[in-house]
Amino acid sequence: MSVFADDVVTFTSMLKMAYNLLVGNSYLKRKKFREKKKLIAVALPFSDLAYACGAISVFPVRMQIFEINKYLLALGSFSSIFGWKSITNVLGFLKKLEFKSINKTIDDIIDDVIDTINKKYNQMYDLGVESGIPTDFCYGIKSLYGMYVAKGKNVEANLNFTIRCSAWNKYLESLKTIKNPAKNIWIDVPPRNIGNSLEILTNNFSKAINELEDITGITCTDNRLREHFTLRNQICQHYKTIIHEIGASDFYPSNPATFAEILALLTISFHDYNSNVKRYAENMSSLVNEMKERIRKGIGMECSKMPRILITPIFGGWEPKSHEIIYELGGRSLYADWELLGFLENINVSNNSNPIEEYARFIMNISSNKMGCDNDTLTDSYLNLAKKLNVDGLIFFQLFGCHSISNCYKLLRDKLRREEIPSTALTFNKIGENVEQVKTRLGAFMEMFK
Amino acid sequence: MTVELLSNYYYYLKEKKAEGKKIIAHMAHDNIPEELIDAAGFVPLNMIFAGNDELMNSSHDYLPPSTCSFAQSCIGLFSEKPNNFDFLELIDYFMVSNHCVSDICASEIITKYFSIPRLNFYISYTLSENALEYYKLELHDLKQQLEKIKGSEIKEENLNESIKRYNNFKKKLLEVNNLEIKGKTKLEIFQKAMLYGPDFLPELDTIIQNSQPQRSNNLKELILTGCSIFINDYLIDLIEESGGNIVFFDTWIGDNYFSQIFDDAILNSKENPYNLLLYRYRNNVGGDHMVPEYLENKVTKLEKIIQNYRKKTGKPLGVINHIIKFCDHISINSAFLKEKLQEKKIPILNLERDYSRANRGQLSTRIEAFIEMM
Ligand code: SF4
Ligand code: SF4
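Residues numbered from 1 in each chain as written. Chains lettered and ligands numbered in written order. Predicted model: local features only at pLDDT ≥ 70, side-chain atom pairs only at ≥ 80, totals over all residues. Heavy atoms only, no water.

## Examining the pairing of strand β7 (residues 308-312) of chain A
Side-chain direction in a regular strand flips from residue to residue, so the side chains alternate between the two faces of the sheet.
All names here are of chain A.
Phase 1: Within β7, five of the five residues are buried, which leaves the element mostly enclosed by the surrounding structure.
Phase 2: Alternating residues of β7 divide into R308, L310 and T312 and I309 and I311, and every residue in both groups is buried.
Phase 3: Sheet analysis places β7 next to strand β8 (residues 332-334), joined by three bridges and oriented parallel. Counterpart to I309 in the pairing with β8 is S333. (Buried < 20%, exposed > 50% of the residue type's maximum accessible area, 1.4 Å probe, protein only. Helix = DSSP H or I, 4+ residues; strand = E, 2+ residues; numbered from the N terminus. Pairing = 2+ DSSP bridges.)

The structure is reproduced here in structure tokens:
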């Protein structure tokens, strides 16, 4: 049974995001066929240009049909008539009446959401391997390839950003081997910020924008870009508030497992802003308000005695039971990959700026200063965030087959040791495969804080 | 042969150092403009040494075992310091480059944990016009890094000179490539040549002059593609013992290296020498670093080689795609390459392996079965 579902009742925005994540298939179908919108596939949070060009970004797993818990489905239908606000009231009211079956149902909903997503990820992983990706590659690449095999034909194009990870770049190339491949729009990000690299990247973006415009038939004006960036800046601001203000505080608006669960869902949904930036921005704003409101009312959990553990990286795959296990062991978990890699930084939208160049500056900062073109820079990003969040420990997911990020652990451990931040590395291959081992390792790790 | 090769190499490098030259090592495959290093008066050292269990194991203090076995072994060479590898002590700088991310990680570890000063040279992943612009920036940056070490400017005429030297050297290797000699002999020449660079030219001349055709009628003829066979690797022996003969090395140690030449018209066009390097980079479409056309280019190239060979000799060729375990570049497309070649009725074996001794038997069986099937 979920340890956190009780809290979710009052986080309607979280229910909404979870619902939007799961009903992507019908939502995207409607957008594509009825509203004639163009779908652009993205993985990693590189969706901004597509939105600015009038397309809809989609993280490919969302084109899947998920088995949605019937109650969540009912809530979704109810919400389309009465709005989500009323759902909170109804659930809260029912909960107050302490109907056991109602509480159980709510638990089931949230459990189901998480399980459903994870099961789908694992299915896509299997499909990726069946379709030719060698098992030696990381979980993320195998499952992403599976996602494209399953549904990639529904998008007009894939937006391919090269990054420092060679497996990633080669995986992007391999998308062409899928039957009925979509067009590939490449953005070659210069590996280092030297000379006029920024100009080169700006020019690469201009070219990608031209290709996107050809697809959507919409001209991507500076104003469109600024409008989109303004919205995504708001999203990032809210996201930062959740991580830094709330996550780093000692009173959480929920039990810490719920809080970690929200951070995990944000990590997944941030790839494509659930295919609707405005809606996502509104949900993020309500989420922050809901959290603040609870804190103001003293609803939540005092957790100053619970060691704060940063779990990272998770975006390429991790064991999602980790935060529950840590909670049971008396700790609290934080997930903050996108902050760590610089994806939550502001993009300058001032009128006298060139928005394409500002976006190039933003991406260049990620690639050169955060992800870095070597592990020294990358490990500094981990260290800086760990210090900024004042964490008590760091758990590093070392993905089988990841030759890029996972390879930095030795260097990171050395740096963390110098700062006296305990850390441990957990190996990961597939969701659910190693839960017992994770439990044992985390048990040993959390002993350190007793 | 290897012991002698490595020990002679030690003396060669020592001499170079005595002349005041710096030794600059890298594992960046076919992407490093060696001519620029040469023009600075320095010696490029290609890290082209195969591994073994000990070398791989000793790298696990730094990297997880799911890292390419070649990169693991490169680190192992510095931590284990095996006999005959004393020349690694002579390295003055190590180049961190992004041929692949294992190159970045291993090179970075070597510079950091074994205290070797670092140089940087990164390249884009595509061959677009802007990627070429970026390449210019990196060339310029490398030039500055080298000039800082040298303490003076690298003159264009010196670079032109170096480009010519390397061009002649690579042309000679192309001649070796056309000799009718056994694959192992050819490979050893290539490996030695890539250690010594153009200084090996006189020896190459002698080899070519004295070469006698080696008949290999009862051996099945093969192309090696994918990962290189590095110095001291038993794989080439296994292939020959199993009844195969590599007639074409479509790898970094092989065609990817020496096919990067300029014809005389271009060489004498009085182009700025940096443009020549740029021109070469643009034409390296077969390099495994590149996206998004690598797979298509590879299929086209292999098909062409096979057709030409059949025209010339009337014989078919099979393909061994050598995949060093956890190699991002070669591994990910291996199933697709196989599918595409099989569609064209070209026999192909995806041969994945690490450097452990325990693998030998299994590799032999797979190669034998493939050759039998051919
Ligand atoms: S960095 Fe690691 S987890 Fe991410 S795509 Fe590359 S190999 Fe996979
Ligand atoms: S063998 Fe492959 S993974 Fe290893 S260094 Fe070479 S290209 Fe990189």
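From this point, things continue past the structure.
## Thoughts on the packing of aromatic side chains
Residues and elements named next belong to chain A.
Phase 1: One pass over the structure, following the stated rule, counts 47 aromatic pairs over all chains.
Phase 2: For the ring pair Y252 and F259, a centre distance of 4.5 Å and an interplane angle of 45° mean the geometry is tilted.
Phase 3: With relative accessibility at 0%, the residue Y252 sits in the buried group.
Phase 4: Judged by its relative accessible area of 0%, F259 falls in the buried class. (Phe/Tyr/Trp six-rings, centres within 6.5 Å; stacked < 30°, edge-to-face > 60°.)

## Remarks on empty space enclosed by the protein
Residue and element names in this part refer to chain A.
Phase 1: All told, the structure shown has 14 cavities of 30 Å³ or more when counted by the stated rule.
Phase 2: Of the voids in this model, the largest cavity is the one considered here, and its volume is about 520 Å³.
Phase 3: Along its surface, the largest cavity is lined by 37 residues, and G140, F315, G316, G317 and L399 are the ones closest to its centre.
Phase 4: The element best represented in the lining of the largest cavity is helix α8 (residues 139-151), accounting for six residues. (1 Å grid on protein atoms, 1.4 Å probe; cavity = no way out; pocket = protein on both sides within 12 Å on 5 of 7 lines; lining within 4 Å. Points joined across faces, edges and corners; volume = space filled by probe spheres on them.)

## Quick look at the domain arrangement of chain B
Residue and element names in this part refer to chain B.
Phase 1: Taken domain by domain, chain B holds domain 1 (2-154) and domain 2 (162-373).
Phase 2: When each unit is reduced to the centre of its C-alpha atoms, the spacing between domain 1 and domain 2 is 22 Å.
Phase 3: Taken together, the contact between domain 1 and domain 2 spans 50 residues of the former and 44 residues of the latter.
Phase 4: By the criterion of area lost to domain 2, the three top residues of domain 1 are D30, E35 and I48, representing 17% of everything that side buries.
Phase 5: Ionic pairing is found between E54 and R357, a salt bridge with its closest N-O pair at 2.8 Å.
Phase 6: Our enumeration of links across domain 1 and domain 2 arrives at 24 residue pairs in polar contact (both at pLDDT 80 or more).
Phase 7: Breaking the side of domain 1 that touches domain 2 down by element, the ones donating at least two residues are α1 (2-18), α2 (34-39), β2 (43-46), α3 (53-59), α4 (69-80) and α6 (129-150). (Domains from an automatic or database assignment. Contact = heavy atoms within 4.5 Å. Buried area = accessible area lost by both parts, 1.4 Å probe. Salt bridge = Lys/Arg side-chain N within 4 Å of Asp/Glu carboxyl O. Polar contact = N/O pair within 3.5 Å; in protein donor to acceptor, adjacent residues only side chain to side chain.)

## A word on the confidence of the model for chain B
Phase 1: Residues of chain B with pLDDT of at least 70 account for 100%, and the chain-wide mean is 95.
Phase 2: As scored by the predictor, the complex reaches a pTM of 0.95 and an ipTM of 0.96. (pLDDT = per-residue confidence, 0-100.)

## Describing the sheet that holds strand β6 (residues 244-250) of chain B
Residues and elements named next belong to chain B.
Phase 1: An order of β6-β5-β7-β8 is seen for the four strands of this open sheet, with the pairing classed as parallel. Because the sheet does not close on itself, it has two edges, and the strands there are β6 and β8 (348-353). Recorded for the sheet is a direction-independent mean angle of 30° between the axes of neighbouring strands.
Phase 2: Of the strand pairs in this sheet, strand β5 (residues 220-226) and β6 are connected by six bridges, and their pairing is parallel. Bridging from a neighbouring strand, E221 pairs with N245 of β6. (Axes fitted to C-alpha atoms, helices over the stretch in contact; angles between N-to-C directions.)

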